[in-house]
Amino acid sequence: MNSRAEHDRMANAIRVLAMDAVERAGSGHPGLPMGAADVATVLFTRFMKFDPDAPDWPDRDRFVLSAGHGSMLIYAVLHLLGYAAITLDQLRRFRQLGSITAGHPEYGHTPGIETTTGPLGQGLATAVGMAIAEEKLRAEFGADIVDHHTYVLASDGDLMEGISHEAIALAGHQRLARLIVLWDDNAISIDGPLSLSDSTDQLARFCACGWAGERVDGHDPGAIAGAIERARNAQRPSLIACRTIIGFGAPKKAGTAKAHGEPLGAEELAGAKAALGITGDAFSLAPEIVALWRAAGQRGKSARAQWRQRQAGLAEPARGEFDRRLEGAFPAAASEALRAVARDAVAAPQTIATRKSSEIVLEALNPLLPETFGGSADLSPSNNTRTKTLTTFAPGTRMGRYLHYGVREHAMAAAMNGMALHGGLLPYGGTFLVFTDYARPAIRLAALMRLRVIYVMTHDSIGLGEDGPTHQPVEHLAALRAIPGLLVIRPADTVETAQAWEVALRERRRPTLLALTRQALPPVTIDVAGGNRVARGAYVLWGEDDAEVTLFASGSEVHVALEAKDLIIAAGHTARVVGVPCVELFREQGHEYRARVLGTSPVRVAVEAGMRQGWDEFVGADGAFIGMQGFGASAPYKELYRHFGITARGVADAALARLRRG
């Protein structure tokens, strides 16, 4: 253990790098790294288990900087510990294009960054998912293989965000004892003193949710270490409120909002360095202090070497399964099971809701994929996400593979991100499509991080009926399709649902959202000879290339388009129907394929029980759209479809009117 004098100089190394980097960039947040430097120094030099030479070692401890605005804290620590990619040059290029030291930490961009943070509260909630994954995999593979902690550094802002309550309530209920949150309790926000906007007793709040909690002086290394040690031995998650001074060491700005989100300025920077006993040029560090940090970075090498020996000694088939799970490989048996579901659906057609189709798929998949980890935000019977073989994940049953999230859509989505980031689990979770509004920030981060997460979103249109416009999503498909990197798949029947699940499971670098119906749909797929057509995004369901009319539809409106086609033909014209289960996948197809599917029909009509946004790329600005123009209403769904004109007759009439206009 380092002496107090050594600790102070090591913590000051974080401070100087943070101050200098923010000053050079001309923007950033120096206050948190300066204030929390003592906490980070204790955590990384005495407790964290990691190896800079293997940033993705599976049994490492996870550190989540939920207060992502203080990113120079983690960049400075990673550099000091010896993460090779985090050079002094990268610190000098903080917040610059092409650097790996972005304004907020980005997963996949910088070694040692466990998750993308910045939107406050997300890191804390994501860490809950990491802790869940650790508990589940430790129960499955044993503590010799999975035995680590998840640490979070959270700010006042993280704890004010609504997602924080969802997350801490879930973690407390699940008694996630390997989760330790260090709260940078500096009582300052951007607007000024925290008392301007908040007077919550956070310690009482966490304890009320089932956490252990205590307060410490965030500048006393002994007190910090003692609290972490007690938290590591607790039987529930722990909050350590570390009272700190934001901008610690700055002569005029310390303890004020001026230290929060702007460079200190040359005069204040010089004064802070003088107060902290720091000499030398910008980014200058004493060699002996760097050596102490690098020695701390080497602490985990022996632990990793011993872990590799234990992993090598793991008996088969457990070792192979552990490796497969971390790799994310998709077994051939699961592919065949999906094809069998599709073949059976063609051989024995059923008129059923696609949420039920999804349940049929999951019943076939879950016994073959032990990594699937399901759940729902208190809508399991409606989302059809819990299958017969799944047992509940709970404090006494860690082998369970189904989590009851409660009415916590946002925390559910963020926790699934954490599971995917941790590795070894393939999370899927359900709620109503309209409630993606509650989960959207976490869904967006999943897309930004390119995570393998699956959202089972049911009740996808006015087709849910009597619950009315509060529950009927009309703008949601367009809004979700606008998120870069998110696959939104809206299948039309059981075959397409099985193919959609195959796409989602094979996607290792993208999240997938399945938009599924409450109402029963007639089957539209008559054969499976063409392979997985959902994977092409759109395909010709019926008709010839030279048809006068092309109808485009997704999900529950595909059968409407097929019926409309018959009416158009009965009127003496030719028509074709194109199913569009996934706009994003269609955009990725080659030009020739896309041109063939779009066709050359002079009249094009799109039909979807949502808004028009996005459909002009199929029908053109002059094409017809049959769908919603505003919010829905409360009534049986068939009446609603007639009321809003989303019918075969309405589609056919729109096409015929354009044909008459020539």
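Since the model is a prediction, treat every value here as computed from it, not as a measurement.

A. Structural detail: the overall build of the protein chain. Counting its regular elements, the protein chain contains 26 helices and 18 strands. Computed over its C-alpha atoms, the radius of gyration of the protein chain comes to 28 Å, within 12% of the 26 Å expected for a compact globule of 662 residues. For the C-alpha atoms alone, the extent of the protein chain along its principal axes is close to 90 × 55 × 45 Å. Taking contacts inside the protein chain between residues at least 6 apart in sequence as the whole, the part at least 24 apart equals 78%. Placing the 69 positive and 73 negative side-chain charges of the protein chain at their respective mean positions leaves the two points 2 Å apart.

B. Just the sheet that holds strand 12 (residues 487-489), in detail. Spatially, 6 strands are ordered 9-8-10-11-13-12 in an open sheet, and the strand pairing comes out parallel. Every other strand in the sheet has two partners, leaving strand 9 (402-404) and strand 12 as the edge strands with one partner each. Within this sheet the neighbouring strands show an average axis-to-axis angle of 20°, counted without direction. Where strand 10 (residues 426-432) meets strand 11 (residues 454-458), 5 bridges bridge the pair, whose relative direction is parallel. Residue pairing across strands places Phe432 opposite Thr458, the latter belonging to strand 11. Across the sheet, helix 17 (residues 409-422) is in contact with strand 8 (372-376), strand 9, strand 10 and strand 11; its angle to strand 10 comes to roughly 165°. Seen against the sheet, helix 20 (residues 494-506) touches strand 10, strand 11, strand 12 and strand 13 (512-515) and runs at an angle of roughly 150° to strand 11.

C. Here's a closer look at the nonpolar core. Membership of the largest hydrophobic core comes to 70 residues, with the highest contact counts inside it found for Leu179, Trp211, Met419, Tyr455, Leu486 and Leu513. Residues contacting Leu486, with those up to four places away along its chain left out, are Ile443, Ala447, Tyr455, Leu480, Pro511, Thr512, Leu513 and Glu584. Counting residues in hydrophobic clusters, the runner-up holds 63 residues, among them Tyr83, Ile113, Tyr151 and Ile180.

D. Seen up close, the side chain of Arg510. Here Arg510 shows up in the loop between helix 20 and strand 13. Polar side-chain contacts of Arg510 include one of 2.4 Å to the side chain of Glu588. Excluding residues that lie within four positions of it along the chain, Arg510 makes contacts with Arg450, Leu451, Arg452, Val453, Gly485, Leu487, Leu585 and Glu588.

E. Empty space enclosed by the protein, seen in detail. If you walk through the whole model with that rule in mind, you get 3 cavities of 30 Å³ or more. If you add up the space inside the largest cavity, you get close to 110 Å³. Of the voids in this model, the second largest cavity is the one considered here, and its volume is about 50 Å³. Lining the second largest cavity are Phe63, Val64, Leu65, Ile74, Pro105, Gly112, Ile113, Glu114, Thr115 and Thr117. Per element, the largest residue contribution to the lining of the second largest cavity is 3 residues, and it comes from strand 1 (residues 62-65). Looking at the lining of the second largest cavity, its residues break down into 6 nonpolar, 3 polar and 1 charged.

F. Looking closely at the sheet that holds strand 6 (residues 212-217). Within the open sheet, the 5 strands sit side by side as 1-2-3-7-6. Their pairing is parallel. On the outer flanks of this sheet lie strand 1 and strand 6, each paired with one strand and no other. Mean inter-strand twist for the sheet, computed between neighbouring axes without regard to direction, equals 20°. In the sheet, strand 1 pairs with strand 2 (residues 150-154) via 4 bridges, with the strands oriented parallel. Among the inter-strand pairings, Leu65 is bridged to a residue of strand 2, identified as Leu153. Helix-sheet contacts for helix 5 (residues 122-141) involve strand 1, strand 2 and strand 3 (179-185), and the interaxial angle to strand 2 is about 175°.

G. Structural context of the layout of surface pockets. Put simply, the largest pocket is a space of about 740 Å³. Along the wall of the largest pocket there are 39 residues; nearest its centre are Tyr107, Leu326, Ala420, Leu421 and Gly423. Residue assignment for the lining of the largest pocket shows that the elements contributing at least two residues are helix 13 (318-327), helix 17 and strand 10. Among the elements that line the lining of the largest pocket, the one with the most residues is helix 13, at 4 residues. Class assignment of the residues belonging to the lining of the largest pocket gives a composition of 18 nonpolar, 9 polar and 12 charged. A volume near 270 Å³ is recorded for the second largest pocket. Every residue lining the second largest pocket is counted, 15 residues in all, and those nearest its centre are His559, Val560, Tyr637, Lys638 and Tyr641. Among the elements of the structure, helix 21 (558-570) and helix 25 (637-643) are those that each provide at least two residues to the lining of the second largest pocket.

H. View of the packing of helix 21 against helix 26 (residues 648-661). Taken N-terminus to C-terminus, the directions of helix 21 and helix 26 make an angle of 50°; their axes are 8 Å apart at the nearest point. Overall, the two elements helix 21 and helix 26 adopt an arrangement that is oblique. With respect to the hand of their crossing, helix 21 and helix 26 are arranged in right-handed fashion. Judged by residue contacts, Val560, Glu563, Ala564, Leu567 and Ile568 of helix 21 engage Ala648, Arg649, Val651, Ala652 and Ala655 from helix 26. Here the residues of the contact of helix 21 with helix 26 sort into 8 nonpolar, no polar and 2 charged.

I. Looking closely at the packing of aromatic side chains. With the rule as written, the count across this model stands at 17 aromatic pairs. With 5.1 Å between their ring centres and 75° between their planes, Phe141 and Phe322 make a pair best called edge-to-face. Taken together, the residues span a long stretch of sequence, with Phe141 in helix 5 and Phe322 in helix 13 at a distance of 181 residues. The exposure class assigned to Phe141 is buried, which follows from its relative accessible area of 10%. The ring of Tyr593 is capped by Arg536, whose NZ or CZ atom sits 3.8 Å from the centre of that ring. Sitting over the face of the ring of Trp542, Lys565 holds its NZ or CZ atom 4.0 Å from the ring centroid.

J. Summary view of the pattern of salt bridges. A complete count under the given rule lists 42 salt bridges for this structure. A salt bridge links Glu114 to Arg60; the nearest nitrogen and oxygen atoms lie 2.8 Å apart. Here Glu114 is found in the loop between helix 4 (88-92) and helix 5, whereas its partner Arg60 is found in the loop between helix 2 (31-47) and strand 1, with 54 residues between them in sequence. The same class applies to Glu114 and to Arg60, which are both buried. With a closest N to O distance of 2.7 Å, Arg324 and Glu371 form a salt bridge.

K. Local environment of helix 3 (residues 71-81). When you tally the buried positions in helix 3, you get 11 out of 11 residues, the bulk of the element. All of the buried residues along helix 3 are Ser71, Met72, Leu73, Ile74, Tyr75, Ala76, Val77, Leu78, His79, Leu80 and Leu81. For helix 3, the elements touching its buried residues are helix 1 (4-25), helix 2, strand 1, helix 4, strand 2 and helix 11 (287-297). Of the residues one or two after helix 3, Gly82 is the one with positive phi, at around 105°.

L. The arrangement of unusual backbone geometry in detail. Glu316 connects to Pro317 through a cis peptide bond whose omega is 5°. Of note, Pro317 is situated in the loop between helix 12 (300-312) and helix 13. Backbone geometry places Asp378, a non-glycine residue, at a positive phi of 65°. As for its position among the elements, Asp378 is in the loop between strand 8 and helix 16 (380-383). A positive phi angle, near 60°, is found at Arg450, a position not held by glycine.

How each quantity is defined
One numbering rule holds for all chains: residues counted from 1, following each sequence as written. pLDDT decides what is reported in this predicted model: residues at 70 or higher carry local features, side-chain atom pairs at 80 or more are listed and counted, and totals for whole chains, interfaces and linings draw on all residues regardless. Side-chain descriptors were evaluated using all non-hydrogen atoms of the structure, hydrogens and water having been removed beforehand. Secondary structure counts use DSSP, requiring at least four H or I residues in a row for a helix and at least two E residues in a row for a strand, with both numbered from the N terminus. Values of the radius of gyration come from C-alpha atoms, whereas the globule rule sets the reference at 2.2 Å times the count of residues to the power 0.38. By the convention used here, residues are in contact when the closest approach between their heavy atoms is within 4.5 Å. Charged residues are defined narrowly, with Lys and Arg counted positive, Asp and Glu counted negative, and His plus the chain ends left uncounted. One atom stands in for each charge, and that atom is NZ of Lys, CZ of Arg, CG of Asp or CD of Glu. For two strands to be treated as a pair, DSSP must find no fewer than two bridges joining them. Inter-axis angles, ranging from 0 to 180 degrees, are taken between N-to-C directions of lines fitted to C-alpha atoms, where helices are fitted over the stretch in contact. Note on terminology: a nonpolar core comprises buried Ala, Val, Leu, Ile, Met, Phe, Trp, Tyr and Cys residues joined through side-chain atoms within 4.5 Å. Buried means the residue's accessible area, taken with a 1.4 Å probe over protein chains only, is under 20% of the maximum for its type, while exposed means over 50%, and partly exposed covers the values in between. Under this definition, polar contacts are N or O atom pairs within 3.5 Å; protein pairs additionally need one hydrogen-donor-capable and one acceptor-capable atom, and for neighbouring residues in sequence, both atoms have to be side-chain atoms. For cavity detection a 1 Å grid was placed over the protein atoms alone, and a set of points counts as a cavity when a 1.4 Å probe fits there but cannot get out; an open set counts as a pocket when protein lies on both sides within 12 Å along at least five of seven lines, with lining residues being those that have an atom within 4 Å of a point. Grid points are joined across faces, edges and corners, and a volume is the space filled by probe spheres set on the points. Residue polarity is assigned by list, with Asp, Glu, Lys and Arg as charged and Ala, Val, Leu, Ile, Met, Phe, Trp, Tyr, Cys and Pro as nonpolar; anything else, Gly included, falls into the polar class. Roughly parallel refers to an angle under 35 degrees, roughly antiparallel to one over 145, roughly perpendicular to one between 65 and 115, and oblique to any angle outside these ranges. The sense of a crossing depends on the near helix, which, turned anticlockwise from the far helix by less than a right angle, makes the crossing left-handed and, turned clockwise, makes it right-handed. Centre distance within 6.5 Å is the pairing criterion for rings of Phe, Tyr and Trp, where only the six-membered ring of Trp is used; planes under 30 degrees apart are then read as stacked, over 60 as edge-to-face, and the remainder as tilted. A ring is scored as having a charge over it whenever the NZ atom of a lysine or the CZ atom of an arginine sits within 6 Å of its centre and within 35 degrees of its normal. One speaks of a salt bridge when a side-chain nitrogen belonging to Lys or Arg is within 4 Å of a carboxyl oxygen belonging to Asp or Glu.

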